[in-house]
Amino acid sequence: MSDWIDTAAGLSTLRASTRDELAPLPVHDLPRGAVVFRPGDPVEGFAIVLDGRIEVFLTGQNGREILLYAVEPGQSCVQTTLGLLGEAIYSTEAITATPTRVVIIPRPLFLRLINEAPDFRQMVFAAFATRMGGMIELMERVSFQSVECRLAGWLCARAENGRVNATHQEIATHIGSAREVVSRRLDAFARRGWVRTERGAVIVTDRVALERLAATQAA
């Protein structure tokens with residue numbers, strides 16, 4: 001019997017009988033950049049992330065990507081939950097952003113526990129509700145907050161020792177914009193002395209100014 005169940009985030013509220021059913025499931029080690037699912041794939045199981053990060057992207061007809069959400073320990077995937085409960089296929093793509101350890105609850109076991117184990121059902125629905133709240137916040141930011149505000153806030157959140165290692169395309173995907181727009185905004189930030197750009201990186205030189213901009217809303 002695997003011991004992953006004792007350290008998995010979010011499972012502490014489960015009854016011993018439910019945990020005993022989940023504990024024998026194997027742990028899968030995925031490298032960075034592994035594709036977890038693609039649009040059109042069937043939903044075959046519920047993922048429990050033990051370590052690492054899985055990012056879920058939506059691609060538009062114009063080829064532009066947007067990061068919908070990330071799944072980390074204790075979090076759930078909206079697409080997976082909807083697919084298991086409603087038998088829908090995936091319309092998004094999920095890729096590991098870091099080396100990731102994950103346990104997959106097969107569809108038959110997931111559906112049986114949803115029906116028979118109130119503690120498991122409560123855990124799944126609580127995680128789903130939290131994730132939906134995050135997605136609503138994302139829609140609000142993309143719809144009502146300017147690109148400049150989103151870019152400034154993202155840079156502040158991601159900067160480590162003043163440095164953000166990301167290409168313009170990667171930044172655009174994360175904030176829901178286009179690479180060309182991000183490049184123009186970064187050039188404008190650089191002219192104001194707020195950032196300095198390097199190949200594959202952005203150096204934050206005036207965090208206070210970026211934080212002030214991030215706190216404002218589009219007119």
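Quick look at the structure, then. Just so it is clear, the model here is predicted, and its values are computed rather than measured.

Criteria and cut-off values
- Residues numbered from 1 in each chain as written.
- Predicted model: local features only at pLDDT ≥ 70, side-chain atom pairs only at ≥ 80, totals over all residues.
- Heavy atoms only, no water.
- Helix = DSSP H or I, 4+ residues; strand = E, 2+ residues; numbered from the N terminus.
- Buried < 20%, exposed > 50% of the residue type's maximum accessible area, 1.4 Å probe, protein only.
- Contact = heavy atoms within 4.5 Å.
- Pairing = 2+ DSSP bridges.
- Axes fitted to C-alpha atoms, helices over the stretch in contact; angles between N-to-C directions.
- Arc of directions from axis to C-beta.
- Core = buried A, V, L, I, M, F, W, Y, C linked by side-chain atoms within 4.5 Å.

Observations concerning the environment of A178
Of note, A178 is situated in the loop between α6 (168-175) and α7 (179-191). For A178, a relative accessible area of 18% translates into the label buried. Spatially, the C-alpha atoms of A178 and I136 are 21 Å apart, while their sequence positions differ by 42 residues. Residues contacting A178, with those up to four places away along its chain left out, are R64 and A172.

Observations concerning the sheet that holds strand β2 (residues 35-37)
Pairing within the open sheet is antiparallel, and its four strands lie in the order β2-β6-β4-β5. The outermost strands of the open sheet, each flanked by one partner alone, are β2 and β5 (65-71). Averaged over all adjacent pairs, the angle separating strand axes in this sheet is 30 degrees, with direction ignored. As paired elements, β2 and strand β6 (residues 93-96) share two bridges and run antiparallel to each other. Considered in β6, the bridge of V35 is made with I95. Across the sheet, α6 touches β4 (54-59) and β5, and the angle it forms with β5 is around 70 degrees.

So, helix α8 (residues 207-214)
Taken together, the buried positions of α8 are A209, L210 and L213. Down the axis of α8, the sector holding all buried residues measures 100 degrees, keeping them to one side. Turned more than 90 degrees away from the buried face of α8, the exposed residues are V208 and R212. Each element contacted by the buried residues of α8 is listed here: α5 (147-158), α7, β9 (195-198) and β10 (201-204).

Some thoughts on the nonpolar core
When a protein is soluble and globular, its nonpolar side chains tend to lie buried together. Counting 38 residues, the largest nonpolar core has W4, L22, I105 and F120 as its most contacted members. Put simply, the parts of the chain that give this core at least two residues each are β3 (45-51), β4, β5, α2 (78-86), β7 (100-106), α3 (107-116) and α4 (118-144). When residues no more than four places from it in sequence are discounted, the contact partners of F120 are L14, T18, L22, I105, F110, L113 and I114. With 25 residues, the next largest nonpolar core counts L151, W154, A159 and L213 among its residues.

Observations regarding the sheet that holds β7
Here we have three strands laid out as an open sheet, ordered β1-β7-β3, and antiparallel in their pairing. Each edge of the open sheet is held by one strand with a lone partner, namely β1 (27-30) and β3. The sheet shows a mean angle of 35 degrees between the axes of neighbouring strands, direction not considered. For β3 and β7, the ladder comprises six bridges, and the chain directions are antiparallel. Each bridged residue has a counterpart across the sheet, and for I48 the counterpart in β7 is V103. α3 contacts β3 and β7 of the sheet and is inclined by roughly 70 degrees relative to β7.

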